[in-house]
Amino acid sequence: MLPILLQLLLLGILCSQGHSMSREEKHKLRNQVVEMFDHAYQNYMDHAYPADELMPLTCRGRVRGLEPSRGDVDDALGKFSLTLIDTLDTLVLLNKTTEFEAAVRRVLSDVRLDNDIVVSVFETNIRVLGGLLGGHSMAVMLKEGGHHMLWYQDELLHMAKDLGLRLLPAFNTSSGLPYPRVNLRYGVRGPETRTGTETDTCTACAGTIILEFAALSRFTGDPVFEAHARRALDFLWEKRQRNSNLVGTTINIHSGEWVRRDSGVGAGIDSYYEYLLKAYILLGDDLFLQRFNIHYASIMKYISQPPLLLDVHIHKPLLPARTWMDSLLAFFPGLQVLKGDIRPAIETHEMLYQVTKKHNFLPEAFTTDFRVHWAQHPLRPEFAESTYFLYKATGDPYYLEAGRTVLDNLNRFARVPCGFAAMKDVRTGSHEDRMDSFFLAEMFKYLFLLFADAEDLPFDVEDYIFTTEAHLLPLSLSMAPHHSATQTNTTAEGELDDSNFDWTCPNTRLLFPDPAFPRNLREPIRSAVDKSCPRPAPYREPGMGRPPLRAQDFMANNPEHLELLRRMGVSLIHLKDGRVQLVQHATQAVSAVAAEDGMRFMQDMMELSSQQQKEQLPPRAIQIVSHPFFGRVVLTAGPAQFGTDLSKSTTGVRGFVTVAEPYSGCAELANGEYVQGRIALLQRGQCMFAEKARHIQKAGAIGGIVIDDNEGSSSDTAPLFQMAGDGRNTEDVTLPLLFLFHKEGNILLEALKEYREVEVLLSDKARDRDVDVQEEGEDCLTEETTPASSAPIDQSEISTVALDESAPEEVSPADEEVSPPDEDVGPPDEDVGPPDEDVGPPDEDVGPPDEALSPSVAEPGLTEPNMEKDSEKEEEPEEDADSTNQSVDELLADWREDLEAFQQMEKEEL
């Protein structure tokens, strides 16, 4: 079947349902999209170019090596003006031909591709190579029109081939799978490359090459690129699990062994499936369609649980791999539309839409009961992409309203004076200083196409296919002369199920028997999301007696309590960093009964910690509301376990900021008359947080902000800090106190230095930019994870209980050998887990280790303890707050899986 026929059949199906949005309203929204694009693009050009990306909060460019490293996220940056190249074809689609011509001239004159820098093969392929090919396609189209780009002589294509040749060394492996990184100047071999030692890559990283490389081959006539991309796809197909016909998430590029065997349609795999179907559409090769259909049948059999899409194990596909979903799977309804399977596309999209409306944006990950799992949102376009495809397939104006929601939320919550800032936390509305290139490359394309009429477009988009980065490649490439590589891996006849091919193109008989059909599919899903905040009672082991010491009564500096612990075989170990470990050795108890009491005490402590983990305070927001910010800049702030509870305030605390003297706030303020009625800025250190709060309160301050004294610290790279009390009664503190890391604090201090009078709003989450007070969300907005299964706890002879770092006395996992402090602290990258699950490292502000761990102080900050065997020495998992009844092996497996999954998401798309 001709690929163009598939595209035309699909995109030509319009089923009018309900009341259509007026033409005038659509045009207004279309123009709003263009205005928003101009705001983002112009600020990049004014404040960031020629840097790769814009930092919209500080109004400057992100240059790799000059900014603190963000780990794998920075592998997308290659000092090649990434955002400009990624935006080229967007300029043409939005009828900005003059700007496009100027941008092409800038790329040709300014961009160098021979930089001595290590970049991601995947990101460079989809963003830079795809951007150059999309720009070339647009330049050729405009030149053929006879009015623009008449000077163009395939310069962008020449750059694309140069880049393709620089990526080719990464494919020099025995399997044909590419190394995940390559040095643009030196390749992957030799010490000067600083890469080439990696052994693993994600499935999507190796399987999302064919569109760009095949287009490059067919544009240039050089078959080498398409041949390498086909070889990588052939190897992945060969290594699929033959019984389930699913692929894992991470694979060894040399042996072909699956490193991570979980399988889904989100991070790590997503665009592999996308490129199989789109390779058939672009290239007309039935082999790709056959493989996609076999995979798709397995996805719908094992992974799809409408409206959910849940990861499974490839060898045991009936066994779920996790209970949460990542936001990258939002592309899948759009792919299902291309496939022609409309019903599950409608159902999954509706679930995603309701989650979006609940949290304003799709969180990076959310649980099966639609709570926040990872709170970040880097302005991803996948939901807008699926919204566009569903509107094109159905003509249902409901999807125009969904697009309007996306537009409104971007303007209300993400727009800042210098562009659009990623959301650091969708619960608080705080920002991150980043605007990724894909925001300009993808988001504005899909939103413009959603609201534009055919006559608004400079070309017929149905003559093109979108890459995963939304770059435009002409379908005419299927007819371009090329040298087909020898097919060494074909699909066996017996593997095909003819019934599966009924869905190759949309079946108009099955789309919508009546106009209410899509609405009937959406309604139960909307209800399910709205009613999805259950709070199950904590699990208790039946038949347990009461130990002689209850966990809630335990105080770490009480000699009687310590003696009781000793008799039960429980010892208390003080670590150098101020934390404390509780360890039980059943054999050291004075009797078998005492050992049993010790086991009950440890279980009681675990249950108490788990319950208190749920009650942990979420992050807060500091919103700069004065000129010229007007609420557009929101900083993530750590809460205090004392003082005003901002979550119970409908208005928050609003006031002008003043630096306290002394800056530490550890003595009576010398500038009390200036602090009175204002919010005091303080530096961390030298005394307790509660003492600082009492001093500024005595001076008449209405609030306080403590700024970290550790230079370079940032909420981008460190866990959220939660301020504990001083071990005494803190009910006398009645003002709110919030904590900012050094980078975020500097934004506030620089604003104060430049504008003298800076007004801020301290609140539980950012208020609407257009109204003073925003309705508070449901309680479930701050819930982090879904309850884990209540598996029986392993009754080992040695048990360990860990308490959180936010308490003055801290207890962490241990065994007979005390591990170094840095092994017990969570990973340094904030992105490992939700911000409000982490607390900052202890210092003099937290309190000396011999203070009492009273329930009033410790309760909000206790983390879940672990019980583990003497021979095991593991880290404490940061997720799954309700997993007190899981074995330590299960906890550790879940923790590692979450960490790997998030790192994979960073590698793939951020």
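Along each chain, numbering runs from 1 in the same order as the chain's sequence is written. Totals for whole chains, interfaces and linings use every residue, but because this is a predicted model, local features are given only for residues with pLDDT of at least 70 and side-chain atom pairs only at 80 or more, for both listing and counting. The side-chain figures draw on all heavy atoms in the structure; neither hydrogens nor water molecules are used.

1. With respect to the sheet that holds strand β7 (residues 258-260)
Under the convention used in this document: Here a strand pair is declared whenever DSSP counts at least two bridges between the two strands. Here a helix means four or more residues in a row that DSSP labels H or I, a strand means two or more in a row labelled E, and each is numbered from the N terminus. In this analysis an axis means a line fitted to C-alpha atoms, helices contributing only their contacting stretch, and an angle means the value between N-to-C directions, from 0 to 180 degrees.
If you trace the 3 strands from one edge of the open sheet to the other, you get β5-β6-β7, paired in antiparallel fashion. Edge positions in the sheet fall to β5 (200-202) and β7, since each has one partner strand and no second. Ignoring strand direction, the axes of neighbouring strands in this sheet form an average angle of 35°. Pairing between β5 and strand β6 (residues 250-252): 3 bridges, direction antiparallel. Bridge pairing in β6 places Asp-200 opposite Asn-252.

2. So, the pattern of salt bridges
If the charged atoms of two oppositely charged side chains come close together, the side chains can form a pair. Put simply, the test is: Salt bridges are defined as contacts in which a side-chain nitrogen from Lys or Arg sits within 4 Å of a carboxyl oxygen from Asp or Glu. Each residue is placed in one exposure class: buried if its accessible area under a 1.4 Å probe, protein chains only, is under 20% of its type's maximum, exposed if it is over 50%, and partly exposed if it falls in between.
Across all of its chains, the model carries 46 salt bridges by this definition. Salt-bridge contacts for Glu-53 lead to Arg-127; the nearest nitrogen and oxygen are separated by 3.5 Å. Here Glu-53, found in strand β1 (residues 53-55), pairs with Arg-127, found in helix α5 (residues 121-145); they are 74 residues apart in sequence, far enough to count as distant. Each member of the pair, Glu-53 as well as Arg-127, carries the same accessibility label: buried. Arg-105 serves as the salt-bridge partner of Glu-101, at 4.0 Å between the closest nitrogen and oxygen. In this pair, Glu-101 and Arg-105 both sit in helix α4 (residues 97-110), 4 residues apart, roughly one turn of the helix. For Glu-101, a relative accessible area of 19% puts it in the buried group. Overlapping salt bridges bring together Glu-53, Arg-70, Asp-74, Glu-123 and Arg-127 as one network.

3. Focus: the packing of helix α10 (residues 270-283) against helix α12 (residues 332-339)
Formally: Orientation is classified from the angle alone, with under 35 degrees giving roughly parallel, over 145 giving roughly antiparallel, 65 to 115 giving roughly perpendicular, and any other angle giving oblique. Crossings are assigned a handedness: left-handed for a near helix turned anticlockwise from the far helix by less than a right angle, right-handed for a clockwise turn. The contact definition used throughout considers only heavy atoms, calling two residues in contact when any of these lie within 4.5 Å. Residue classes follow a fixed rule: Ala, Val, Leu, Ile, Met, Phe, Trp, Tyr, Cys and Pro count as nonpolar, while Asp, Glu, Lys and Arg count as charged, and any other residue, Gly among them, counts as polar.
With their axes 11 Å apart at the nearest point, α10 and α12 run at an angle of 30° to one another. In terms of orientation, α10 lies roughly parallel with respect to α12. Pair α10 / α12 crosses with left-handed handedness. Taken together, the residues of α12 that come into contact with α10 (itself represented by Tyr-273, Glu-274, Leu-277, Lys-278 and Ile-281) are Leu-335, Leu-338 and Lys-339. Tallied by class, residues from the contact of α10 with α12 come to 5 nonpolar, no polar and 3 charged.

4. Side note on the pairing of strand β23 (residues 620-624)
Counting buried positions along β23 gives 5 out of 5 residues, so the element sits mostly inside the fold. Residues Arg-620, Ile-622 and Ile-624 line one face of β23 and the alternating positions Ala-621 and Gln-623 line the opposite face, and both faces are buried. Bridge count for β23 against strand β24 (residues 633-637) is 5 bridges, and the pairing is antiparallel. Directly across from Ala-621, in β24, lies its bridge partner Thr-636. Direction of pairing for β23 relative to strand β29 (residues 759-763): antiparallel, over a ladder of 4 bridges. Bridge assignment links Ile-624 to a residue of β29, and that residue is Val-760.

5. Some points on the confidence of the model for the protein chain
Here is the rule: In predicted models, pLDDT denotes the confidence assigned by the predictor to each residue on a 0 to 100 scale.
In the predicted model, the protein chain carries a mean pLDDT of 80, and 73% of its residues have values of at least 70. Counted against residues more than four places away or in other chains, residues 485-511, with its pLDDT under 50, gives 52 contacts.

6. Some points on the packing of helix α3 (residues 82-93) against α5
It is the contact of α3 with α5, at a shortest axis distance of 8 Å, that shows an interaxial angle of 35°. Relative to α5, the crossing made by α3 is left-handed. Along the contact surface, α3 presents Leu-82, Ile-85, Asp-86, Leu-88, Asp-89 and Val-92, while α5 presents Arg-127, Val-128, Gly-131, Leu-132, Gly-134, Gly-135, Met-138, Met-141 and Leu-142. A per-class count over the contact of α3 with α5 returns 9 nonpolar, 3 polar and 3 charged.

7. Topic: the sheet that holds strand β12 (residues 324-326)
Strand pairing in a sheet relies on backbone hydrogen bonds, with the paired strands running either antiparallel or parallel. With antiparallel pairing, 3 strands are arranged side by side in an open sheet as β12-β13-β14. Edge positions in the sheet fall to β12 and β14 (372-374), since each of these pairs with one other strand and no more. Averaged over all pairs of adjacent strands, the angle between their axes in this sheet comes to 30°, without regard to strand direction. One ladder, built from 3 bridges, connects β12 with strand β13 (residues 365-367); its direction is antiparallel. Note that in β13 the partner of Met-325 across the bridge is Phe-366.

8. Here's the deal with the state of the cysteines
For clarity, the threshold we go by: Defined by distance alone, a disulfide is two cysteine sulfur atoms within 2.5 Å.
Inspection of every chain in the model, using the stated rule, returns 3 disulfides. Here Cys-59 pairs with Cys-418 through a disulfide, and the sulfurs are 1.9 Å apart. Negative torsions about the S-S bond denote left-handed disulfides, and the value of about 95° found for Cys-59 with Cys-418 makes this one right-handed. Here Cys-59 is found in the loop between β1 and β2 (60-62), whereas its partner Cys-418 is found in the loop between β15 (415-416) and β16 (419-420), with 359 residues between them in sequence. Note that Cys-666 is cross-linked by a disulfide to Cys-687, the S-S spacing being 2.0 Å. Where Cys-666 bonds to Cys-687 through sulfur, the torsion about that S-S bond is close to -85°, and the disulfide is left-handed. A residue pair is termed long-range when its members are at least 10 positions apart, and Cys-666 in the loop between β25 (653-659) and α21 (672-675) and Cys-687 in the loop between β26 (679-683) and α22 (689-698) qualify at 21 residues. Owing to a relative accessible area of 17%, Cys-666 belongs among the buried residues under this scheme. What makes Cys-687 buried here is its relative accessible area of 7%.

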